[in-house]
Amino acid sequence: GAVVSQHPSWVICKSGTSVKIECRSLDFQATTMFWYRQFPKQSLMLMATSNEGSKATYEQGVEKDKFLINHASLTLSTLTVTSAHPEDSSFYICSARDLPTGGSEQYFGPGTRLTVT
Amino acid sequence: KNQVEQSPQSLIILEGKNCTLQCNYTVSPFSNLRWYKQDTGRGPVSLTIMTFSENTKSNGRYTATLDADTKQSSLHITASQLSDSASYICVVSPSGTYKYIFGTGTRLKVLA
């Protein structure tokens, strides 16, 4: 149980284009989803927290207009990197939490490798 | 400032050997301390979860200890295997929040 998937697993896009990453909770309803970014040899950095049906809360220094997050259903959240630049190349990981049944436990997705050329 | 520091930064051991990874934190008070294994290019996978009142928790060849007085935790890996090669991340959750504070990680490489 508590499986989180991400799609795509990797993506290459050209500078200036936008790319969408999906995060799905497969066997539970995710009241809250988290988006993290991880640069090589560094730990995960929280970008934003989204609760189903409401606007995402972004961490300090994360541009909300650049990283658009939508959490329209209890099983799906999307992260759209708009006007991507090479410095946005990173490993993006989502996690999901089902507060009523799972408490504070976050279940992580397998990650999406984004390369901007 | 809430911080989680891990040591060593990287470690190379021979297959079959034991090793211990360290985690020092300043998060206080905290509700849970977790250890995760992250394979290269994959998301973190939970190994152990301890509340502030627990001293030790095992999961197969992985044993985590916690000393809340000194704010230290360790992860001991017994009889290492090649598949143990990964990054190990210590994560502390401050009391009253849902957030995870991630440690800097230890990259372990197990050689045949």
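What you see is a predicted model, and the numbers here were worked out from it, not measured in a lab.

1. Section: the overall build of chain B
Scanning chain B for helices and strands turns up zero helices and eleven strands. The N-to-C order of helical and strand elements in chain B reads β-β-β-β-β-β-β-β-β-β-β. Over its C-alpha atoms chain B spans a radius of gyration of 13 Å, differing by no more than 12% from the 13 Å that the globule rule assigns to 112 residues. Principal-axis analysis of the C-alpha atoms gives chain B an extent of 45 × 25 × 20 Å. The buried share of chain B, reckoned over its 112 residues, is 42%. Of the contacts made within chain B by residues no fewer than 6 positions apart, 56% connect residues no fewer than 24 positions apart. Split by element, the accessible area of chain B, about 5,400 Å² in all, is 50% carbon and sulfur. The positive charge centre, built from 11 side chains, and the negative charge centre, built from 7, are 7 Å apart in chain B.

2. Digging into the nonpolar core
F67, L79 and L114 of chain A are the most contacted members of the largest nonpolar core, which totals 25 residues. Listed by contribution, the elements that provide at least two residues to this core are β2 (10–13), β3 (19–25), β4 (32–38), β5 (45–51), β7 (67–73), β8 (76–81), β9 (90–97) and β11 (112–116) of chain A. Every residue in contact with F67 of chain A, bar those within four places of it in the chain, is listed here: R37, M47, Y58, V62, L79, T80, V81, D88 and Y92 of chain A. Counting residues in hydrophobic clusters, the runner-up holds 24 residues, among them Y62, C90, V92 and I101 of chain B.

3. Quick word on the interface of chain B and chain A
Of the residues lining the interface, 18 residues belong to chain B; the matching set on chain A comes to 19 residues. Taken over both partners, the interface formed by chain B and chain A buries close to 1,500 Å², and the fraction arising from carbon and sulfur atoms is 51%. Counting the surface chain B buries against chain A, the share from its top three residues, Y98, Y100 and F102 of chain B, is 36%. Our count for the contact surface shared by chain B and chain A stands at two salt bridges. Counting across the chain B and chain A interface gives six residue pairs in polar contact (both at pLDDT 80 or more). Breaking the side of chain B that touches chain A down by element, the ones donating at least two residues are β4 (30–38) and β5 (45–51) of chain B. At four residues, the largest contribution of residues to the side of chain B that touches chain A is made by β4 of chain B. A breakdown of the residues in the side of chain B that touches chain A according to their chemical character gives seven nonpolar, seven polar and four charged.

4. Quick look at the confidence of the model for chain A
A low pLDDT score tells you not to read the predicted coordinates there in detail. In this model, chain A carries a mean pLDDT of 92, and residues with pLDDT of at least 70 account for 95%. Of all the helices and strands in chain A, helix α1 (residues 99–102) of chain A carries the lowest mean pLDDT, 62, while β11 of chain A carries the highest, 97.

5. Let's talk about the sheet that holds strand β6 (residues 56–59) of chain B
Residue and element names in this part refer to chain B. Across the sheet, five strands lie side by side as β1-β3-β8-β7-β6; this open sheet has antiparallel pairing. Each edge of the sheet is formed by a strand with only one pairing partner; in this case those strands are β1 (4–7) and β6. Across this sheet, the average inter-strand angle for adjacent strands is 15°, counted without regard to direction. Bridge analysis of strand β7 (residues 62–67) against strand β8 (residues 72–77) gives six bridges, and the strand direction is antiparallel. If you follow T65 over to β8, its bridge partner there is S74.

About the cut-offs
Residues numbered from 1 in each chain as written. Chains lettered and ligands numbered in written order. Predicted model: local features only at pLDDT ≥ 70, side-chain atom pairs only at ≥ 80, totals over all residues. Heavy atoms only, no water. Helix = DSSP H or I, 4+ residues; strand = E, 2+ residues; numbered from the N terminus. Rg over C-alpha atoms; globule rule 2.2 N^0.38 Å. Buried < 20%, exposed > 50% of the residue type's maximum accessible area, 1.4 Å probe, protein only. Contact = heavy atoms within 4.5 Å. Areas by Shrake-Rupley, 256 points an atom, 1.4 Å probe, with all protein chains shown as cover. Lys, Arg positive; Asp, Glu negative; His and termini not counted. Charge placed at Lys NZ, Arg CZ, Asp CG, Glu CD. Core = buried A, V, L, I, M, F, W, Y, C linked by side-chain atoms within 4.5 Å. Buried area = accessible area lost by both parts, 1.4 Å probe. Salt bridge = Lys/Arg side-chain N within 4 Å of Asp/Glu carboxyl O. Polar contact = N/O pair within 3.5 Å; in protein donor to acceptor, adjacent residues only side chain to side chain. Nonpolar A, V, L, I, M, F, W, Y, C, P; charged D, E, K, R; others polar. pLDDT = per-residue confidence, 0-100. Pairing = 2+ DSSP bridges. Axes fitted to C-alpha atoms, helices over the stretch in contact; angles between N-to-C directions.

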